[in-house]
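Residue-level structural notes
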Amino acid sequence: MYFPDMHRGSGWFTQDDKEYIYVGWLDDLHSFPTGELDTVIREKIRALCNSPEILYAGFHTCAFCPEPGNPEEKYQVFRLRQSGLGSGDILLRNSDGSCFVAPNLLIHYVEVHGYLPPAPFLDAGVNYPVPGRK
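On to the packing of aromatic side chains, then. Evaluated as defined, the whole model comprises seven aromatic pairs. Pairing Phe3 with Tyr22 gives two aromatic rings, centres 4.4 Å apart and planes at 40°, and the pair type is tilted. On the criterion of sequence distance, the pair formed by Phe3 in the segment before strand 1 (7–10) and Tyr22 in strand 2 (residues 19–22) is long-range, its members being 19 residues apart. By relative accessible area, which is 1% here, Tyr22 ends up buried. Geometrically, the ring pair formed by Phe100 and Phe121 is edge-to-face, given 5.5 Å between the ring centres and 90° between the ring planes. Of this pair, Phe100 sits in strand 5 (residues 99–103) while Phe121 sits in helix 4 (residues 119–126), and the two are 21 residues apart along the sequence. Both residues of the pair, Phe100 and Phe121, belong to the buried class.

What counts, and where the lines are drawn
Residues numbered from 1 in each chain as written. Predicted model: local features only at pLDDT ≥ 70, side-chain atom pairs only at ≥ 80, totals over all residues. Heavy atoms only, no water. Phe/Tyr/Trp six-rings, centres within 6.5 Å; stacked < 30°, edge-to-face > 60°. Helix = DSSP H or I, 4+ residues; strand = E, 2+ residues; numbered from the N terminus. Buried < 20%, exposed > 50% of the residue type's maximum accessible area, 1.4 Å probe, protein only.

Okay, here's the thing in structure tokens:
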């Protein structure tokens, strides 16, 4: 499912009328910004993605990775699913009360495909505590 970065809309995943800011809803028909992320913010995104607030019964696969044909590609898809990535959405609350929503495949998009989330999302992520770190 594609939404442009910073798209504002209601959440189909909630019963409330709250507006959410969509980030990282990528597909192979639309280009996306790329770049390097600071290690600390990447750790914070990984922590968010490993503990999605919204879980689904199935998995969404990456539109940029090749269809698994050989054993190595099939193993990569297996590892992605075993990690739980592609099975939920993360919520990142902003200091102004707004809330970002992103698929938990976000960390895969960042690390494997070089996706660079928009600055307001990264700014909100700076304040997210990494579990196990002080």
